[in-house]
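# Architecture at a glance
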Amino acid sequence: MRFQIRLLSAIALLTSAATPFPPNFPALFPTTQALAQTPDARKAEADQLLVQGIQQAQTSQFEAALQSWQQALSLYREIKNRLGEGQSLGNLGNAYRYLGDYAKAIDYHQQSLAIMREIKDRLGEGKSLGNLGNAYDSLGDYAKAIEYHQQYLAITREIKDRLGEGGALGNLGVTYKNLGDYAKAIDYYQQSLAIKREIKDRLGEGASLANLGNAYFYLGDYAKAIDYQQQHLAIAREIKNRLGEGASLGSLGNAYSSLGDYAKAIDYYQQHLAIAREIKHRLGEGSALGNLGLAYNSLGEYAKAIDYHQQHLAIAREIKDRQGEGQSLDNLGIAYKNLGEYAKAIDYHQQRLAIAREIKDRLGEGQSLANLGLAFQESGNLSQAEKTLRAGIEVYKSLRERLGGNDAYKVSIFEQQARTYRLLQQVLIAQNQPTEALEVAESGRARAFVELLATRFSSPSSTQANISTNPPNTQQIQQIAKQQNATLVEYSIIYDDFKIQGKQEARESELYIWVIPPSGKVAFRRVDLKPLWQQQNTSLEKLVINSRESMGVRGRGLSIITRLDETSQTNRLQQLHQLLIKPIADFLPADPNARLIFIPQESLFLVPFAALQDTSNKYLIEQHTILTAPSIQVLALTRQQRQRVPVSAKDVLVVGNPTMPSLAPKIGEKAQPLSPLPGAEKEAIEIARLLNTKALTGKQATESAVVQKLPTAKMIHLATHGLLDDFQRSGVPGAIALAPSGKDDGLLTATEILNLKLNAELVVLSACDTGQGILTGDGVIGLSRSLITAGVPSVIVTLWAIPDNSSALLMSEFYRNLQQNPDKAQALRRAMLTTMKQYPDQPSAWAAYTLIGEAE
């Protein structure tokens, strides 16, 4: 992990400017003007001590600052000055937070908050709420942190404190960044930046720019990160803010380090180190030393790395920075692990673990358990590695539980926890325990989705009993395969660190595949992925993208790229078959009507399984009836959804080619109507005829009319544009284009669908890219997930933009087949085979459709 310095305003935490390192100390309650206005000698002395503590904290003299504030607190209490007492308590709370004593920090901030409310000081109340938010953020309790920051924000807006409003927005950004929700973090940082510029707060403007740089750094957009940090650096130099200048130099070093330009990174870290030493900022000095250690570790210069980490450790212990001490111990452990000195590595990680537990840093505890587990694994102590990694998973589970029912938070935070689940799978496979590894693989996917579905099932309006959200064990997985009467295939992509051209890089190393037939006998295979990048300069992810390119279907929305030659298409689809299907071919059902359910992961959600070709050029759909699902446990829940579809739901809703809404191609550009889809209208009219209903088309297909009909429909077919954008900034991308009614924008978004209660047994999204969304450890976050959550057990979506003629043919065939046989998966397969006869060498014409969930 890299080290983070958070820049602070005079009121509350605003920003983090590099990566995870404790923040600088905020001058939260300064009273410098009071010195000239106070005749009372004891108050003047207390005020002087308060300011003295701030000055000491700014040079990392936290113990001295604590003494100054404790003395000030005693004097304020003696003279019954409640405002001064509250300010001292607030500063003591911040000191204990930076020293890693979060429980004490929260206690002091609660005392400060009580006083501010008692004396009706709304400004002070807001600051106390903001500081409580910061303390809970440090604890990893992000739901509570957000709650306090939102209260702080409300107060600043009520009393028109624009400076505080900018600070509260920045704090919210920091918490969302720590959650891994970078889009929301950036939104809050942008709002904070706008306020800082409006009130001409150059210090705060620089802090907001640094925060934006930090968010883009975590997104992997290093060019943008560098641009924002350069802007921050310019402001820091202009206003002679040496502390901010050093922080931005450190952040620039982080960006160049991530780009693999270690020479430039080291130069920036050295500049940061020089400034920190010049201004006697020991916290920043330790941060710069730690980052230098990480850079040399990446270069493979472990002795140098250890030297810098030891220097950082010494400073952290000197200034009693417990969090920094723990981080430097962890980094020493990593360096010694890389040297093969596992006993030392384990010792350092165990020291870090002890500190994390002592200061109740649950996130740090989870990280140190992961690092410790890796050290045990590489040392050959697999049983201890398993025990340690399982403990780490329990810690991460407790962090997710703190987020309550917030689905978006859980999705975001899980991305930061996936490494531990992968490590544990590797350890179990190394111990020849494939079924136990399957349980871990299953517990490490779609957790937020499962909990969201269980919450819906257990809602007051639901007749269902409470649903267990515990991950299924092997016996339960076998039972699900039997209930589905299907062969389940679960994939897990494993990554390892490799030294490539002198640099440490995480690369795909293996693919684990489990096969669970209805009989329940679990089979396991592993596929070596290293030759992809070692010999072919590619990866599994790139291969998936290239296979789509070869069919001319990579683009988003309506964009389609030129199809490559047929040979290239066949080669790539065969290569994917070689990796994903051939290793398990012997375990797959021989009957082509038997169901085969794929549980993909990451980029594999974009694989057109139906189009994969074997060496005899046979497509997979010719041999198998195919479905997909986000996880095995989700299948159990969709099955329950199918059983609760009410008999009263009998209507059929068919929509095609609505009068299109307008969208701006880019921000700031004029909105233009989406292109009409006459082919979709023909498709809808034909399908409506088959289903004995009337299609909603053109101006009739308004968003309000469709939403009104959705809850009573048993079957829903929507043939229109599918969009991938997150229009409501909710973290759930995707929308269906409908006709605006005057009361709405004509975009039925994934977020709006999420909040509906649907009774349909099948929804078909015959639109472009409706199967796509944000690829996460929780599966694809988008339209399909929202529909299943809203109550639909079977959803058919598309993986790319589909041609009108083939779509109309395939969909008409699907519904004809469905009228003869209620098995949706078989109906879709037969429709694909019929369409294939007309488009034999064009899988782009028929392989886009994917059935998610239930076949019956």
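Residues numbered from 1 in each chain as written. Predicted model: local features only at pLDDT ≥ 70, side-chain atom pairs only at ≥ 80, totals over all residues. Heavy atoms only, no water.

## So, the overall build of the protein chain
- When you go through the protein chain residue by residue, the secondary structure sums to 35 helices and 18 strands.
- For the protein chain, with 856 residues in total, the buried portion stands at 62%.
- The contacts of the protein chain with a sequence gap of at least 6 include a subset with a gap of at least 24, amounting to 66%.
- Accessible surface computed for the protein chain: about 31,800 Å², of which carbon and sulfur atoms make up 49%. (Helix = DSSP H or I, 4+ residues; strand = E, 2+ residues; numbered from the N terminus. Buried < 20%, exposed > 50% of the residue type's maximum accessible area, 1.4 Å probe, protein only. Contact = heavy atoms within 4.5 Å. Areas by Shrake-Rupley, 256 points an atom, 1.4 Å probe, with all protein chains shown as cover.)

## A few points about the sheet that holds strand β13 (residues 747-749)
- Read across the open sheet, the 3 strands follow the order β11-β12-β13; overall the sheet is antiparallel. The strands lining the two open edges of the sheet, one partner per strand, are β11 (722-723) and β13.
- Here strand β12 (residues 735-737) pairs with β13 via 3 bridges, running antiparallel. Looking at β13, one finds that alanine 735 is bridged to threonine 749. (Pairing = 2+ DSSP bridges.)

## Considering the packing of helix α6 (residues 122-139) against helix α7 (residues 142-158)
- Interhelical geometry of α6 versus α7 gives an angle of 160 degrees and a closest axis separation of 8 Å. Here α6 lies roughly antiparallel to α7, going by the angle between them. Relative to α7, α6 is oriented so that their crossing is left-handed. In contact with Arg122, Glu125, Gly126, Lys127, Leu129, Gly130, Leu132, Gly133, Asn134, Tyr136 and Asp137 of α6, α7 contributes Tyr142, Lys144, Ala145, Tyr148, His149, Gln151, Tyr152, Ile155 and Glu158.
- Of the residues that constitute the contact of α6 with α7, the class distribution is 8 nonpolar, 6 polar and 6 charged. (Axes fitted to C-alpha atoms, helices over the stretch in contact; angles between N-to-C directions. Parallel < 35°, antiparallel > 145°, perpendicular 65-115°, else oblique. Left-handed = near helix turned anticlockwise from the far one by under 90°. Nonpolar A, V, L, I, M, F, W, Y, C, P; charged D, E, K, R; others polar.)

## Digging into unusual backbone geometry
- Unlike most non-glycine residues, lysine 80 shows phi in positive territory, near 55 degrees.
- Take lysine 80: it is sitting in the loop between α3 (62-78) and α4 (82-98).

## A closer look at the packing of aromatic side chains
- Scanning the model with the defined rule gives 17 aromatic pairs in all.
- Ring geometry for tyrosine 256 and tyrosine 268: centres 5.7 Å apart, planes at 10 degrees, overall stacked. Here tyrosine 256 is found in helix α12 (residues 242-258), whereas its partner tyrosine 268 is found in helix α13 (residues 262-278), with 12 residues between them in sequence.
- Three or more aromatic residues link up through ring pairs in this structure, and these residues are Phe217, Tyr218 and Tyr222. (Phe/Tyr/Trp six-rings, centres within 6.5 Å; stacked < 30°, edge-to-face > 60°.)

## Regarding helix α5 (residues 102-118)
- Helix length check: α5, at 17 residues, gives a terminal C-alpha distance of 24 Å against a target of 24 Å (1.5 Å per residue), a fit within 8%.
- Of the positions making up α5, those classed as buried are Tyr102, Ala105, Ile106, Tyr108, His109, Ser112, Leu113, Ile115 and Met116.
- Considering only its buried residues, α5 is in contact with α3, α4, α6 and α16 (322-338).
- Two residues or fewer after α5 comes lysine 120, characterised by a positive phi angle close to 55 degrees. (Expected span 1.5 Å × (residues − 1).)

## Some points on the packing of helix α11 (residues 222-238) against α12
- Where α11 contacts α12, the two axes come as close as 9 Å, and the packing angle between them is 165 degrees. Judged by the inter-axis angle, α11 sits roughly antiparallel to α12. Considering how the two elements wind past one another, α11 and α12 form a crossing that is left-handed. On α12, the residues touching Tyr222, Ile226, Gln229, Gln230, His232, Leu233, Ala236 and Arg237 of α11 are Gly244, Glu245, Ser248, Leu249, Ser251, Leu252, Ala255, Tyr256 and Ser258.
- Along the lines of polarity and charge, the residues of the contact of α11 with α12 split into 8 nonpolar, 7 polar and 2 charged.

## Concerning the nonpolar core
- With 105 residues, the main nonpolar core has Tyr491, Leu511, Leu580, Phe814, Tyr815 and Trp846 as its most contacted residues.
- When sequence neighbours within four positions are dropped, the list of residues in contact with tryptophan 846 reads Ala610, Ala611, Tyr619, Ile621, Leu810, Met832, Thr835, Met836 and Tyr839.
- In this structure, Ala46, Ala95, Leu139 and Leu153 belong to the second largest nonpolar core, which totals 92 residues. (Core = buried A, V, L, I, M, F, W, Y, C linked by side-chain atoms within 4.5 Å.)

## Quick word on the environment of serine 257
- Inspection of the secondary structure puts serine 257 in helix α12.
- The buried category is assigned to serine 257, whose relative accessible area is 2%.
- The sequence separation of serine 257 and serine 298 amounts to 41 residues, and the corresponding C-alpha distance is 8.6 Å.

## What to know about the confidence of the model for the protein chain
- Mean pLDDT for the protein chain: 85, with 86% of residues reaching 70 or above.
- Note that residues 1-39 has pLDDT below 50 and, in this model, 197 contacts with residues that lie over four places away or in other chains.
- Segment residues 554-564 is flagged for pLDDT under 50; beyond a separation of four residues in sequence, or across chains, it makes 34 contacts in the model. (pLDDT = per-residue confidence, 0-100.)

## Focus: the environment of tyrosine 108
- Looking at the secondary structure, you find tyrosine 108 in helix α5.
- By relative accessible area, tyrosine 108 is classed as buried at 13%.
- Sequence-wise, tyrosine 108 and glycine 93 are 15 residues apart; in three dimensions their C-alpha atoms are separated by 4.9 Å.
- Contacts of tyrosine 108, omitting those with residues within four sequence positions, involve Gln70, Leu89, Leu92, Gly93 and Tyr96.
- In terms of polar contacts, tyrosine 108 uses its side chain to reach the side chain of glutamine 70, at 3.1 Å. (Polar contact = N/O pair within 3.5 Å; in protein donor to acceptor, adjacent residues only side chain to side chain.)

## A few points about the pairing of strand β5 (residues 625-628)
- Across the two faces of β5 the burial is the same, with Thr625 and Leu627 and Ile626 and Thr628 all buried.
- Relative to β5, strand β4 (residues 595-599) runs parallel, the two sharing 4 bridges. Residue pairing for β5: phenylalanine 598 is matched across the bridge by threonine 628.

## Structural notes on the pattern of salt bridges
- Under the counting rule described, the total for this entry stands at 42 salt bridges.
- Ionic pairing is found between arginine 77 and glutamate 85, a salt bridge with its closest N-O pair at 3.0 Å.
- For arginine 77, a relative accessible area of 39% corresponds to the partly exposed category.
- With a relative accessible area of 8%, glutamate 85 lands in the buried category.
- A salt bridge links glutamate 686 to arginine 816, with the shortest nitrogen-to-oxygen separation between them at 3.2 Å. Taken together, the residues span a long stretch of sequence, with glutamate 686 in helix α30 (residues 678-690) and arginine 816 in helix α34 (residues 804-820) at a distance of 130 residues.
- Of the residues examined, glutamate 686 reaches a relative accessible area of 21% and is grouped as partly exposed. (Salt bridge = Lys/Arg side-chain N within 4 Å of Asp/Glu carboxyl O.)

## Some details on helix α18 (residues 362-379)
- End to end, α18 covers 25 Å across 18 residues, agreeing with the expected 26 Å (1.5 Å per residue, within 8%).
- Burial of α18 is extensive: 14 of the 18 residues sit out of reach of the surface.
- The N-capping residue of α18, defined by a side-chain oxygen 3.0 Å from the backbone nitrogen of glycine 364, is aspartate 361.
- Phi turns positive, to about 95 degrees, at glycine 380, one or two residues after α18.

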